[in-house]
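Chain by chain, the residues run as shown.
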Amino acid sequence: MVEKPEVKPRPGTIVDIVDSTNHWVGRGFYNGHSRIALRVLTEDYDEAVDQAFFTRKVKEAVAMRRELLKLDDITDAWRIIHSEGDGLSGLVVDRYREWIYQALREAFPGCRFYSFAVENVQKQESFDFNSADAPEPSIITEHGLKFNASPGSGHKTGFFADQRDNREYLSHLTKDKTVLDICCNSGGFAIYAKARGGACEVTGIDLDEEILEIARKNAYLNDAKVKFVQSDLFPYLRDAAERGDQWDVV
């Protein structure tokens, strides 16, 4: 539905967007090489997309998480910007990375940055980006539980911070229950079920032995007895079914 402009803007150029009747509908950035050619940033004609725009957006996102959701009372690891959810579609695009860094420095003085873009995304979006050296792993706290976070380890951002509320919700359903955590990654749900939820027995399975080592370390940090198994989930579940294995919570 996007008509290619006669003069091709450089990828990442901020453009005005009009509909088929030439009515102005928004402003965002354009990348003709991408499957998502337009990413809308504002629908306010009088709102410029500049450094002040990103500073304001970051402040609004941080305020919502600190003042409304009060995440600092719960955890020291939380997602600051969630793309379209905060009105910043495609935040990782190189075009405005420096603006974002400056806005984040104002909100988090002294913070460290680690940026990366996986190779297939660089090809799809037609840009080159060399990742910096990954920071040292750190231990974060969430609802009183501790977890290893290793940005740049090959496991996304190092920790699924956006699943915080789901982990906490699960812990209210596992008292004295047997629990199976499928594709457990670094053990977040399994450890919540045991250490916070009081489950009687917890098993976590994942195909990746490397991430299971982190899961075991996380369980040890929280004095949580969890059985972690390296396996492909499909044969594991077929074998479990044949044995007649059952769990209260999956």
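Quick look at the structure, then. Residue positions within a chain follow its written sequence, with the count starting from 1. Selection of residues for local features in this predicted model requires a pLDDT of at least 70, selection of side-chain atom pairs for listing and counting requires 80 or more, and totals for whole chains, interfaces and linings are taken over all residues. Neither water nor hydrogens contribute to the side-chain values; these are computed over all heavy atoms in the structure.

So, the environment of Thr-178
Logical step 1: The helix and strand labels rest on DSSP assignments: H or I over at least four residues marks a helix, E over at least two residues marks a strand, and numbering proceeds from the N terminus. Following the sequence through the fold, Thr-178 ends up in strand β6 (residues 178-182).
Logical step 2: Measuring from C-alpha to C-alpha, the distance between Thr-178 and Ala-224 comes to 14 Å, with 46 residues separating the pair along the chain.
Logical step 3: We call two residues contacting when some pair of their heavy atoms lies within 4.5 Å. Apart from residues no more than four positions distant in its own chain, Thr-178 is found in contact with Cys-200, Glu-201, Gln-246, Trp-247, Asp-248 and Val-249.

Focus on the sheet that holds strand β3 (residues 38-42)
Logical step 1: Strand pairing is defined by DSSP finding a minimum of two bridges between the two strands. One open sheet accounts for three strands, arranged β1-β2-β3; its pairing is antiparallel. The open sheet is flanked by β1 (13-18) and β3, the only strands paired with a single partner. Strand after strand, the sheet turns through a mean of 45° between neighbouring axes, direction not considered.
Logical step 2: Sheet topology places β1 next to strand β2 (residues 24-30); six bridges connect them, and they run antiparallel. Bridging across to β2, Ile-17 finds its partner in Gly-26. Axes, fitted as lines to C-alpha atoms, cover a helix only where it is in contact. Angles between the N-to-C directions of the axes lie from 0 to 180 degrees.

Quick notes on the nonpolar core
Logical step 1: Residues Phe-147, Val-202 and Phe-228 are the most contacted members of the largest nonpolar core, which totals 23 residues.
Logical step 2: Taken together, the elements giving at least two residues each to this core come down to β5 (145-149), α5 (188-196) and α6 (209-221).
Logical step 3: When residues in this core are grouped by element, the largest group, four residues, is from α5. Residues grouped as a nonpolar core are buried Ala, Val, Leu, Ile, Met, Phe, Trp, Tyr and Cys residues, joined through side-chain atoms within 4.5 Å. Only protein chains enter the area calculation, which uses a 1.4 Å probe; residues under 20% of their type maximum are buried, those over 50% are exposed, and those in between are partly exposed.

Observations concerning the sheet that holds strand β7 (residues 201-206)
Logical step 1: Reading across from one edge, β6-β7-β8 is the order of the three strands in this open sheet, with parallel pairing throughout. Of all the strands in the sheet, the pair left with one neighbour each is β6 and β8 (227-230). In this sheet, adjacent strand axes meet at a mean angle of 15° when their direction is disregarded.
Logical step 2: Strand direction decides the pairing type here: β7 and β8, joined by four bridges, are parallel.

Some details on the state of the cysteines
Logical step 1: Two cysteine sulfur atoms form a disulfide, by the criterion used here, when they sit within 2.5 Å. On inspection of all chains with the given rule, the structure shows zero disulfides.
Logical step 2: Free cysteine: Cys-183, not disulfide-bonded; nearest cysteine sulfur from Cys-184 at 8.1 Å.
Logical step 3: Accessibility expressed as a relative area gives 5% for Cys-184, which makes it buried.

Some points on the environment of Asp-44
Logical step 1: Residue placement: Asp-44 occurs in the loop between β3 and α1 (51-68).
Logical step 2: Assessed through its relative accessible area of 38%, Asp-44 is described here as partly exposed.
Logical step 3: Sequence separation between Asp-44 and Gly-26 is 18 residues; the distance between their C-alpha atoms is 6.8 Å.
Logical step 4: If near-sequence neighbours (up to four positions away) are discounted, Asp-44 is found in contact with Trp-24 and Arg-27.
Logical step 5: Identification of polar contacts relies on pairs of N or O atoms within 3.5 Å, with a donor-acceptor requirement for protein atoms, meaning one able to donate a hydrogen and the other able to accept it, and with residues adjacent in sequence counted only if both atoms are side-chain atoms. At 3.0 Å, the side chain of Asp-44 forms a polar contact with the backbone nitrogen of Asp-46.

What to know about the packing of aromatic side chains
Logical step 1: Pairing of aromatic rings covers Phe, Tyr and Trp, the last through its six-membered ring, and needs centres within 6.5 Å; plane angles under 30 degrees mean stacked, over 60 mean edge-to-face, and all others mean tilted. Using the criterion set out here, one finds four aromatic pairs in the structure.
Logical step 2: The interplanar angle of 90° and the centroid separation of 5.0 Å between the aromatic rings of Phe-53 and Phe-54 together place this pair among those described as edge-to-face. The burial state of Phe-53 is the same as that of Phe-54; both residues are buried.
Logical step 3: Seen from their ring centres, Phe-147 and Tyr-192 are 6.1 Å apart, and the 10° between their planes marks the pair as stacked. With Phe-147 in strand β5 and Tyr-192 in helix α5, the pair connects residues that are 45 residues apart, well separated along the chain. Comparing Phe-147 with Tyr-192 shows no difference in burial state: the two are buried.
Logical step 4: Any Lys NZ or Arg CZ that is within 6 Å of a ring centre and within 35 degrees of that ring's normal is treated as a charge sitting over the ring. Here the basic side chain of Arg-27 rests over the ring of Tyr-45, its NZ or CZ set 5.7 Å away from the ring centre.

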